[in-house]
Number of protein chains: 2
Amino acid sequence: MIVQKYGGTSVGTAGRIKRVCRRIAETVRSGQQVVAVVSAMGHTTDRLIALAQRVSETPPARELDMLVANGETITAPLVAMCLQGLGVPAISLTGPQAGVRTSRQHSKARIREIRPERILEALEQGKVAVVAGFQGATEDLEITTLGRGGSDTTAVALAAALGADACEIYTDVDGILTADPRVVPEARLLTHIGYDEMLELAAVGAKVMHPRAVEIGQLYSVPIHVRSSFHRRTGTMIVAEVPMEDRNRVRGVAHEKQVAKITLLSVPDRPGVAAAVFEPLGAHGISVDVIVQNVSSEGHTDLTFTVAEGDLAQALALVEGVAKEVQARGTSHSLGLAKVSVVGTGMLGTPGIAARMFRTLAEAKINIEMISTSEIRITCIVEREDAERAVNALHSAFELDQIPAPA
Amino acid sequence: MIVQKYGGTSVGTAGRIKRVCRRIAETVRSGQQVVAVVSAMGHTTDRLIALAQRVSETPPARELDMLVANGETITAPLVAMCLQGLGVPAISLTGPQAGVRTSRQHSKARIREIRPERILEALEQGKVAVVAGFQGATEDLEITTLGRGGSDTTAVALAAALGADACEIYTDVDGILTADPRVVPEARLLTHIGYDEMLELAAVGAKVMHPRAVEIGQLYSVPIHVRSSFHRRTGTMIVAEVPMEDRNRVRGVAHEKQVAKITLLSVPDRPGVAAAVFEPLGAHGISVDVIVQNVSSEGHTDLTFTVAEGDLAQALALVEGVAKEVQARGTSHSLGLAKVSVVGTGMLGTPGIAARMFRTLAEAKINIEMISTSEIRITCIVEREDAERAVNALHSAFELDQIPAPA
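Computed from a predicted structure; not experimentally measured.

Draft legend 1. Structural context of the overall build of chain A. What chain A contains, in helices and strands, is 13 helices and 18 strands. Along the three orthogonal principal directions, the C-alpha set of chain A runs to about 75 × 50 × 35 Å. Expressed as a percentage of contacts within chain A between residues at least 6 apart in sequence, the contacts between residues at least 24 apart total 74%.

Draft legend 2. Examining the interface of chain B and chain A more closely. In this complex, chain B contributes 29 residues to the contact, which on the side of chain A involves 29 residues. Secondary-structure elements contributing two or more residues to the side of chain B that touches chain A are helix 1 (14-29), helix 2 (44-55), helix 3 (61-68) and helix 4 (70-85) of chain B. Per-element accounting of the side of chain B that touches chain A gives the leading share, 11 residues, to helix 4 of chain B. Grouping the amino acids of the side of chain B that touches chain A by side-chain chemistry returns 18 nonpolar, seven polar and four charged.

Draft legend 3. Representation of the relation of the copies chain B and chain A within the structure. When chain B is fitted to chain A, the residual RMSD is 0.1 Å, and the transformation amounts to a turn of 180° plus an axial shift of 0.1 Å. Expressed as an axis order, the relation between the two copies is that of a two-fold axis. Within chain B, Asn70 of chain B has its C-alpha nearest the rotation axis, a separation of 2.9 Å. A shared interface surface links the copies, since 100% of the contact residues of chain B are contact residues in chain A too.

Draft legend 4. Local environment of the confidence of the model for chain A. Of the residues in chain A, 96% reach a pLDDT of 70 or more, and the chain-wide mean stands at 90. Under the prediction, the complex receives an ipTM of 0.81, its pTM being 0.84.

Draft legend 5. Representation of the nonpolar core in the model. Among the nonpolar cores identified, the biggest contains 134 residues, and Ala36, Val79, Val130 and Val131 of chain B are the most heavily contacted of them. Shared between two domains, this core takes at least three residues from each, and those domains are domain 1 (2-172) and domain 2 (253-400) of chain B. Setting aside chain neighbours within four positions, we find Ala36 of chain B in contact with Gln4, Tyr6, Ile24, Val79, Val128, Val130 and Val131 of chain B. Counting residues in each nonpolar core, the second largest holds 133 residues, with Val88, Val242, Ala260 and Ala315 of chain A among its members.

Draft legend 6. How the structure looks around the pairing of strand 2 (residues 34-38) of chain A. Residues and elements named next belong to chain A. Burial within strand 2 is extensive, with five of its five residues counted as buried. Burial of the side chains of strand 2 extends over both faces: Val34, Ala36 and Val38 are buried on one face and Val35 and Val37 on the other. Where strand 1 (residues 2-6) lies against strand 2, five bridges are found, and the strand directions are parallel. Looking at the pairing, Ile2 lines up with Val34 of strand 2. Note that the unit made of strand 1, helix 1 (residues 14-29) and strand 2 has a crossover that is right-handed. Inspection of the sheet shows strand 2 paired to strand 6 (residues 128-132) by four bridges, in the parallel sense. Residue pairing across strands places Val37 opposite Val131, the latter belonging to strand 6.

Draft legend 7. Region of the structure containing unusual backbone geometry. All names here are of chain B. In the Ramachandran plot, Ser221 falls in the positive-phi region, its phi being about 55° despite a non-glycine side chain. Residue position: Ser221 is located in the loop between helix 8 (211-220) and strand 11 (224-228). Of note in this structure, Gln327 is not a glycine but carries a positive phi near 60°. Structurally, the position occupied by Gln327 is in the loop between helix 11 (312-325) and strand 16 (330-343).

Draft legend 8. Inspection of the pairing of strand 9 (residues 166-171) of chain A at higher detail. All names here are of chain A. Of all the six residues making up strand 9, five are buried; the element is thus mostly covered by neighbouring parts of the structure. As paired strands, strand 1 and strand 9 are joined by five bridges and run parallel to one another. Paired with Val3 across the bridge in strand 9 is Cys167.

Draft legend 9. Molecular detail of the packing of helix 2 (residues 44-55) of chain A against helix 4 (residues 70-85) of chain A. All names here are of chain A. Relative to each other, helix 2 and helix 4 sit at 140°, their axes nearing to 9 Å. By the criterion of interaxial angle, the relationship of helix 2 to helix 4 is oblique. In the packing of helix 2 onto helix 4, the handedness of the crossing is right-handed. Judged by residue contacts, Thr44, Thr45 and Leu48 of helix 2 engage Asn70, Gly71 and Ile74 from helix 4. Partitioned by chemical class, the residues of the contact of helix 2 with helix 4 number two nonpolar, four polar and no charged.

Draft legend 10. Structural view of the sheet that holds strand 13 (residues 252-268) of chain A. Residue and element names in this part refer to chain A. Spatially, the six strands line up as an open sheet ordered 14-15-13-16-18-17, and their pairing is antiparallel. The outermost strands of the open sheet, each flanked by one partner alone, are strand 14 (288-293) and strand 17 (370-374). If you compare each strand with its neighbour and ignore which way they point, the axes differ by 30° on average. Contacts from helix 10 (residues 273-283) reach strand 13, strand 14 and strand 15 (300-308) within the one sheet, and its direction differs from that of strand 13 by about 125°.

Draft legend 11. Local environment of the sheet that holds strand 16 of chain B. Residue and element names in this part refer to chain B. With antiparallel pairing, the six strands of this open sheet are ordered in space as 14-15-13-16-18-17. Edge positions in the sheet fall to strand 14 (288-293) and strand 17 (370-374), since each of these pairs with one other strand and no more. Recorded for the sheet is a direction-independent mean angle of 30° between the axes of neighbouring strands. Along the sheet, helix 10 (residues 273-283) contacts strand 13 (252-268), strand 14 and strand 15 (300-308); its crossing angle with strand 13, the most-contacted strand, is approximately 125°.

Draft legend 12. Layout of helix 13 (residues 387-397) of chain A. Residue and element names in this part refer to chain A. Of all the positions in helix 13, only Ala387, Ala390, Val391, Ala393, Leu394 and His395 are classed as buried. Summarising the contacts, the buried residues of helix 13 are in contact with strand 13, strand 16 (330-343), helix 12 (352-363) and strand 18 (377-383). Of the residues trailing helix 13, Glu399 is marked for its positive phi of about 55°.

Draft legend 13. Spotlight on helix 1 of chain A. In a regular helix each residue adds 1.5 Å, so 16 residues correspond to 22 Å; helix 1 of chain A covers 22 Å between its end C-alpha atoms and thus fits that length. Among the residues of helix 1 of chain A, those classed as buried are Ile17, Lys18, Val20, Cys21, Ile24 and Val28 of chain A. Down the axis of helix 1 of chain A, the buried side of the element spans an arc of 160°, and every buried residue falls inside it. Opposite the buried face of helix 1 of chain A, by more than 90 degrees, sit the exposed residues Gly15 and Arg29 of chain A. For helix 1 of chain A, the elements touching its buried residues are strand 1, strand 2, helix 4 and strand 6 of chain A together with helix 2 of chain B.

Draft legend 14. Quick peek at the environment of Gly336 of chain B. Within the secondary structure, Gly336 of chain B sits in strand 16. The spatial distance from the C-alpha of Gly336 of chain B to the C-alpha of Thr45 of chain B is 31 Å, given a sequence separation of 291 residues.

Draft legend 15. Fine view of the environment of Val292 of chain B. Residues and elements named next belong to chain B. Note that Val292 resides in strand 14. Take Val292: there are 16 C-beta atoms within 10 Å of it, and that puts it in the partly exposed class. In sequence terms Val292 and Thr306 are 14 residues apart; their C-alpha atoms lie 9.1 Å from each other. In contact with Val292, other than residues within four places in its own chain, are Thr304, Met370 and Ser372.

Reading the values: rules and limits
- Residues numbered from 1 in each chain as written.
- Chains lettered and ligands numbered in written order.
- Predicted model: local features only at pLDDT ≥ 70, side-chain atom pairs only at ≥ 80, totals over all residues.
- Helix = DSSP H or I, 4+ residues; strand = E, 2+ residues; numbered from the N terminus.
- Contact = placed C-beta atoms within 7 Å.
- Nonpolar A, V, L, I, M, F, W, Y, C, P; charged D, E, K, R; others polar.
- Least-squares fit on C-alpha atoms with pLDDT ≥ 70 in both.
- pLDDT = per-residue confidence, 0-100.
- Core = buried A, V, L, I, M, F, W, Y, C linked by C-beta atoms within 7 Å.
- Buried ≥ 20, exposed ≤ 12 C-beta atoms within 10 Å, placed from the backbone.
- Domains from an automatic or database assignment.
- Pairing = 2+ DSSP bridges.
- Right-handed = clockwise from strand over helix to strand, strands pointing away.
- Axes fitted to C-alpha atoms, helices over the stretch in contact; angles between N-to-C directions.
- Parallel < 35°, antiparallel > 145°, perpendicular 65-115°, else oblique.
- Left-handed = near helix turned anticlockwise from the far one by under 90°.
- Expected span 1.5 Å × (residues − 1).
- Arc of directions from axis to C-beta.

If you want it as structure tokens, here you go:
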């Protein structure tokens, strides 16, 4: 049994829906049971949100969910009827009908459990179950949507609940690459990547898979195959263990360009300061990214962190309020930054990798503004104008262009 | 408590949705509880059906229902969020959430019952319940649509189940007129009309209200107010008893232009012939309209009936098959006909009305091809080119232009 997820681009037109259905039909004819999870067609969701904004300045989240959920419930029956036209028995199910039970947080609901009775019934009858992604229902059948990465999350969660052999994520790129090919022409497709590596890559700018879906895949050991819906070549398998010969190396270079930095200057070094700064940001939905606190001297410290450039104005307003409260000397900020990261379990206990990263950037005369690391990732904040050069230099330095292409 | 139904034209754009919401807000502020039933915006349903036809030659009815139901479930949350923006508490409900339980016949489901708990809960909380019209669910929560007149039917059925004081049908015309104003410039608005009269008018070409909804109104004594969503003037009340001074007269002249006639020639006059002819037509969804069987002579009879011109080819094919079976001499048919009817409880036991109709047509040199009557309706089939003259002549002859305009 296989779960296949088709994104908005893959089902963007009637012609593309037909192509998707031919692919599903092939999988069925090869003897597999198929659950297809589908997104809204192309820009349908954007158009529904634009409509909402024309009738309401601040659309309430419950009603926005009721509205936006139509995007996926339009695609699902179109796919089901197209499959039937190809002689493949199929039935469409809304998220609620498919048993996707969620929390009550409209527009960012979390999946609580899957009650897959209707899907199993359809599969037993030899049908393809076509499930509207991105949506579910609370216990009392209020319609919810899952927020960013929602359809991927539906697909991987269904694969976990059904004990499927794999979850295929069909998208408009070939899979997970060693870097963004618009920046690094030599970027290569990865045949395998670990869940942890994928999570780190997703967090630092590789947009192909949302971390939520990867986390569920990791938790329930669902192999996730990220591949293109436009050709038949295999893409990237996200799995627990990558093949041995790939393990001892950096796997990819990711970057993100719209980064701004905020510094609280000379903050008294006492417990609770960081919480006082970051709690109001979190409460306003602002994601704080790299955080660096310099070593304290004379009881004072500088606290620097990055936010998405679009959040800078709101973040600054909040931080300036807190600055007085915590008796900081003031704040400073700068725009025009970028984040460049290398990721790979290979760097676990391999200190040479950080050194090689810094040396590579130094040789390219790129100044490092901030550094942040996890066990399998090193991130540097650099000037935005240096970002593409940094990514290319690192891609070469770690020999990512040498990875053998998949067969 | 009042149920208001807004049709597709009334909610066709964001601007029109705002206007509808201002009207609902006024009703709420006047102290009434409001349930708003909404249709799909403008041509949304047509667009969804066109999409279906691009991916499937014969879209199965279940999937088509899943698809088309999105039209109304897009409008409902838009109206609810717009109302909230105007300071009016509101909640949208899909047909299934609103408790509309139907039969299993996809694309033409019948309402079995209404379980209005969620609507009542919303009203108790001081909210407007905005219900997606035209749709419901079976016992096992399969989504169904109600077919033609579906949103009107939802509205009147909800009004009946909730014991509402009235059901207002907002539409793009002023109400029920004595004739089609595009044909008869002197046509006047009727302030009141009886359920029976409305049913007869709807059956013979007045398209404003679908007979299904009128039947439910009659059965449960729900007063139905048909009125324009574009101005504030009252429209037509459909009620059990029309005011005394309106009772003894013809109420309206209706007509329909796309009529064709089929005759089975010289059919043996024995039991079962009519059933043999009309059963296959019914099984193929072809509505047969006026049926006339001439007085039998020498054991044979001619059987003539009308169908919509668009159904002629299919009907003829079926009838020619039957003709042999029942040993008729053959079939004949003609196109280019029209149906002209006068309706009014006033003609009950008033034979002079039929005579006046025939006399009026004779004086206008209009030949009558067929005649059919009910207790409160007389219908003549005439040449299509005579139809407009016939309608105008009858409108004058029965002094329908003399009805006082509503205050």
